[in-house]
Structure formats: C-alpha cells, structure tokens
Amino acid sequence: MASAGKLNTFRLPPLPTIREIIKLFKLQALKQLSQNFLLDLRLTDKIVRKAGNLNNAYVYEVGPGPGGITRSILNANVAELLVVEKDTRFIPGLQMLCDAAPGKLRIVHGDVLTFKVEKAFPESLRRRWEDEPPNVHIIGNLPFSVSTPLIVKWLGNVSRRDGPFAYGRTQMTLSFQKEVADRLTANTGSKQRSRLSIMAQHLCSVQHVFTIPGKAFIPKPEVDVGVVHFTPLVQPTIQQPFELVEKVVQNVFQFRRKYCYRGLGMLFPEAQRSENTGKLLQLADVDPTLRPCQLALSHFKALCDVYRKMCDEDPSLFAYNFRQELKQSKSRGQEESGGL
Ligand code: SAM
C-alpha cells in the first residue's frame, strides 16, 4: 500500500527509441502530409512542460505520429491521453505505447478537423467559464497546413464556448510555422500584426513559449517552428460574435499598408461607403489614418461594437460583400458595352 502523501507517479518502461520505431514500422515521412518528426525526447519533454502541470490531466494530442510527444505526455502522470491520428501507418507503433501504459492511452484513427473531443472525456471535468481552467489540455505538433485552419476553428469554439471548450477554458499548446507563431503573438505596431493576432488575442492569453530550430525535425522543414500556449480569457476583449469580429478584422487587414479607413470602407455598399465609414470611425473614436498594424485591441473592440449597432439598424448590412458588388457591377458594365 502507498504511504500517505506519496505521489502516484507513472513512468513508461524501457521502449525502442522513436528512431527505431520509425525503422521497425517503415514510417518514412510523407511529403504530401508535411510530416516532420521530433525524435529528441528532451524537446518533446520541453513542449509538454510548457503545457503546465499535467498531473491527473485529460490530454488530447493531435497528430501523434511516431509518438515522441505522446511518450512525454504519458510520463507527465496524466489520467488519460487521447490521440487522434489520420495516418494508419502510425497506429501499430502507438499500440505499443498503449500496451506499455495500460488504461492510459486511447488511440483514435481520425481527423482532428472533424473529431468531437467534447464527447470524449468525463462530464465531471467540466468547469464554469469563470473558474480556473479544467484539467483538460490540448497538445500537438501538426503539419503547418492543418495547424492554421485548426486554430481558427478552435478560436471560433472558444468564442462560442463549445467543442473542446465545452469543458471550460481548456488550454492548448501547439506548434506552428515560426512566422505564424509570430503573427499569433504580435503586439500593436509590430510588422507581424495581422488578422490572426487579433482573432487569437481578443479571446485568449497567447504566449510564444519557445522556438524549435527546423534542424530538430526529421525530415528538416524549410522553417523554424514556434510553440504557442493559449489560455482562453474569462472575459474576451471583444464581446461580439466570432463571425462579426472576423469580418471587421479581415476587412481592415486586406489593405495592410493603407490607412485603416480604406479596408473598413469595404464593410459598406459603395453608395453609402464614405458616409458610413466616417460614421463608424467617428463613433468608435478611431483615427482613420492609423495603419491596420497600429490598431490596438481596444480599437478593434470599439469598431466591432459600433459595426454591430449599424448591422442591428440595417439587417442587410452584415451580408454585404464588396467583392460580390464589384463582380455584379463589372458584369453589368460588360453587358452594357456589349449592347452598344
Ligand atoms: N507529433 C509527431 C511528432 O512531433 O513527431 C508528428 C508530427 S507531424 C508534423 C504531424 C502528424 O499529424 C503526422 O503524424 C500526421 O499524420 C498527423 N496529421 C496530419 N493531419 C492530420 C489530421 N487532419 N488529423 C489527424 N492527424 C493528422
């Protein structure tokens, strides 16, 4: 019997190295799936340490591949680790880890873009949004092509408090192409400030926790990799629907080198563009000659709040799309000139 107060810790038994697993199961990285593996367990341990205290945690690992990060998570004394992997070739190697950690590892062959993690862990883990984050964590080193659409989807879930955030303010530790990590964490005024900076930072506390040099991966990608930690905020800076914030932010950044009024104008039909853009900027108290990267979160909050009021006053406004208007006026012009 364990003595009182003694920690019940788990360590994996000795296993073949990740390099040996790759050889044993012939797991050559597939270029079309942008697979790059981490073989150095000191680095995978570091990623897992940056996720926070995982003692008794329920962890969802996206894209475990040959299982380097998976091993580090299991060694962090978690209650349960659920991994979702798309490529069947990795399943036998993961099964070996499952056998080495009885009752701890659940393997799902599936796609992280569609997997419903909100049904995967016990209901008892759920916390109120205002409470401390639940003991549920998401960790992953995904291909760059998946990590950006996935974080945008998850930010939408944070905003609606559904999906992985049905448990509360679930924390995420994910890797991105360094340039994307820089955008996610860019401050006001920085060159990297972009749509992703606003979408992430108005909903989460976002930290670029460390950079992994490309040479640490097999095969080596063209770029370095940034590991980013996200904790959803109790109170989002902008309290408007995700799609509305996305629309305002997208419009502002589409002309990133111009003054902000240029992109904001595209929120409005041409006939009232100048008048409505002036009204939006004035009511939001935003200087029209600020460049998109100079706008702080407080500016975006004010712009979204005023735009919301304008949409409430004119329910057709939110559906307005300037590209459609442009296309229609072009085809009208062609018809007219063809008819001459
Ligand atoms: N985590 C491993 C590591 O760090 O060595 C593998 C990283 S590799 C960059 C990305 C992994 O994600 C691969 O195993 C790949 O098959 C898997 N993957 C890619 N797209 C996926 C998707 N949509 N759903 C689940 N897994 C995916």
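The chain appears in an unreviewed UniProt entry as rRNA adenine N(6)-methyltransferase from Chrysochloris asiatica. Here the chain is described in UniProt, under the heading Subcellular location (unreviewed entry), as follows: "Mitochondrion".

Here we come to the nonpolar core. In terms of nonpolar packing, the biggest core is built from 65 residues, with Y60 and F230 touching the most fellow members. Take this core: its biggest share by element is eight residues, from helix α11 (residues 297–313). Split by domain, the residues of this core number at least three in each of domain 1 (4–232) and domain 2 (242–334). Leave out the neighbours within four places in its chain, and Y60 touches L82, V84, V112, F115, V117, F121, H137, I138, I139 and W154. I73, C98, F210 and V225 belong to the second-largest nonpolar core, a separate cluster that totals 36 residues.

Moving on: the layout of surface pockets. Here the largest pocket defines a volume of roughly 530 Å³. Together, 33 residues line the largest pocket, and Q35, G63, N141, L142 and P143 are the ones closest to its centre. Contributions of two or more residues to the lining of the largest pocket are made by β1 (37–38), α3 (68–74), β3 (80–85) and α5 (144–160). If you tally residues by element for the lining of the largest pocket, the top one is α5, at three residues. Classifying every residue of the lining of the largest pocket gives 17 nonpolar, eleven polar and five charged.

A separate point is the pairing of strand β9 (residues 225–232). Counting buried positions along β9 yields eight of eight residues, so the element is predominantly enclosed. The pairing of strand β6 (residues 171–177) with β9 spans six bridges and is classified as antiparallel. Bridging from a neighbouring strand, T173 pairs with H229 of β9. The sheet contact formed by strand β7 (residues 204–212) and β9 spans eight bridges and is antiparallel.

If you trace the backbone, D224 turns up in the loop between β8 (217–218) and β9. Look at D224 and you get partly exposed, because its relative accessible area is 35%. C-alpha separation for the pair D224 and F176, spaced 48 residues apart in sequence, amounts to 8.8 Å.

We now examine empty space enclosed by the protein. This structure, assessed with the given rule, holds two cavities of 30 Å³ or more. As a volume, the largest cavity reaches approximately 50 Å³. Listed by contribution, the elements that provide at least two residues to the lining of the largest cavity are α5 and β6. Examining the composition of the lining of the largest cavity, we find that four residues originate from one element, α5, more than from any other. Here the residues of the lining of the largest cavity are counted per class, giving six nonpolar, four polar and no charged. As a volume, the second largest cavity reaches approximately 30 Å³. Forming the boundary of the second largest cavity are I47, I69, G140, N141, T173, L174, S175 and V227. Broken down by element, the lining of the second largest cavity gets its largest block of residues, three residues, from β6. Here the residues of the lining of the second largest cavity are counted per class, giving four nonpolar, four polar and no charged.

Rules used throughout
- Residues numbered from 1 in each chain as written.
- Predicted model: local features only at pLDDT ≥ 70, side-chain atom pairs only at ≥ 80, totals over all residues.
- Heavy atoms only, no water.
- UniProt positions renumbered as here; feature names shortened; annotations may be inferred.
- Core = buried A, V, L, I, M, F, W, Y, C linked by side-chain atoms within 4.5 Å.
- Buried < 20%, exposed > 50% of the residue type's maximum accessible area, 1.4 Å probe, protein only.
- Helix = DSSP H or I, 4+ residues; strand = E, 2+ residues; numbered from the N terminus.
- Domains from an automatic or database assignment.
- Contact = heavy atoms within 4.5 Å.
- 1 Å grid on protein atoms, 1.4 Å probe; cavity = no way out; pocket = protein on both sides within 12 Å on 5 of 7 lines; lining within 4 Å.
- Points joined across faces, edges and corners; volume = space filled by probe spheres on them.
- Nonpolar A, V, L, I, M, F, W, Y, C, P; charged D, E, K, R; others polar.
- Pairing = 2+ DSSP bridges.

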